[in-house]
Each structure stands twice: as C-alpha cells, then as structure tokens.
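In case you want the letters, here they are:
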Amino acid sequence: MAQPPKSFKLANTYKNPMIAAYQGKIRQQTEFLQLIKATLPDFLAEHLLNCVISGKKCLLYTNTEEWAVPLRHHLPIILHTVQARLPTIELIQVRLLSEPPAQAIEKAKPPSKENIELIKDNLQSMQDDELKQALLRLSRTLESVSVPS
C-alpha cells in the first residue's frame, strides 16, 4: 500500500528551542509595545510602530520626526511604566524607521547627431541586409527622440 505524501510542516510546529526563544522574544516585545501604547494618548500611540528591548535599553520606533518629538516628551512616563514590569531597563530611546531613499532614475540620453550620422554612414559598408535594416530603423528612432540642436 502506497504511503500518502507527507504534508508541508510549518517551522513553528517543530520543537526547536531556538525558534521558541525567538517567539518568546517577539511576544515580550509585542506585549511591551501594547503596554507603552496604553500609556500614551491615542493620537500618539498610533504612530508608535515598534518596540525592541535589548539588554538595559528599550528602543521605540516611529516613522517621522514629527511624531518622535512628542514621544520623547513622554519618555519619563514610558520609562516608569516599563520599569514597573522589567526593572533592568535603564534607558529608552526613540528612533526613526527610515525608508531607503528612492533612487533617482536617470533618463537615458540619446546619442549625439554626429553619432547617429556615423551609424547611417556605416550602413553603406554593411553586407548583411537584416543588420542593415535594423541599424537603419535604429538610426531613425534615435533621430526622432534626439533633441534638436
């Protein structure tokens, strides 16, 4: 009798101590994020995006400087709240989550009129008709997109 194919098993279903440690850390940081959000005014809490606890430091992440400034004003209250649950925390910092800068897309520059003329001049010496036609189409396209001087 043929065995049915084994189904795919998710990584979190394995008994792995490393995964369990990471999941515990994620749960802890999510709980602290909710705790800190509960101490903040609603308009400010919605801009608190992440909380990372590492050693004696708690890092709070927001997306703009506009919201980082009022968060910094609430740091004494936040520190008191966090230390009530985790006394080892000594420092709280507000950081910005920055998106990678959008790279400016440089528009391709068509070749100069002289280079287009060189392509046309070389057409006379071409033996291959297919290549000759392709270069002729290319030179016409380049002429149409080039800036008149």
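Everything quoted here is computed from the prediction, not taken from an experiment. (Residues numbered from 1 in each chain as written. Predicted model: local features only at pLDDT ≥ 70, side-chain atom pairs only at ≥ 80, totals over all residues. Heavy atoms only, no water.)

### Brief notes about the environment of Leu40
Looking at where Leu40 falls in the secondary structure, it is placed in the loop between α1 (17–39) and α2 (42–45). Accessibility expressed as a relative area gives 5% for Leu40, which makes it buried. Sequence separation between Leu40 and Ile78 is 38 residues, and the spatial gap between their C-alpha atoms is 8.2 Å. (Helix = DSSP H or I, 4+ residues; strand = E, 2+ residues; numbered from the N terminus. Buried < 20%, exposed > 50% of the residue type's maximum accessible area, 1.4 Å probe, protein only.)

### A few points about the packing of aromatic side chains
Evaluated as defined, the whole model comprises one aromatic pair. The ring centre of Phe32 lies 5.6 Å from the NZ or CZ of Arg85, which sits over that ring. (Phe/Tyr/Trp six-rings, centres within 6.5 Å; stacked < 30°, edge-to-face > 60°. Lys NZ or Arg CZ within 6 Å of the ring centre and 35° of its normal.)

### Overview of the packing of α1 against helix α4 (residues 75–85)
One can describe the packing of α1 onto α4 by two numbers: an axis separation of 10 Å at closest approach and a directional angle of 140°. In terms of orientation, α1 and α4 fall into the oblique class. By crossing handedness, the relation of α1 to α4 is classed as right-handed. Across the interface between the two elements, Glu31, Phe32, Leu35, Ile36 and Thr39 of α1 pack against Ile78, Thr81, Val82 and Arg85 of α4. Of the residues assigned to the contact of α1 with α4, the class counts are five nonpolar, two polar and two charged. (Axes fitted to C-alpha atoms, helices over the stretch in contact; angles between N-to-C directions. Parallel < 35°, antiparallel > 145°, perpendicular 65-115°, else oblique. Left-handed = near helix turned anticlockwise from the far one by under 90°. Contact = heavy atoms within 4.5 Å. Nonpolar A, V, L, I, M, F, W, Y, C, P; charged D, E, K, R; others polar.)

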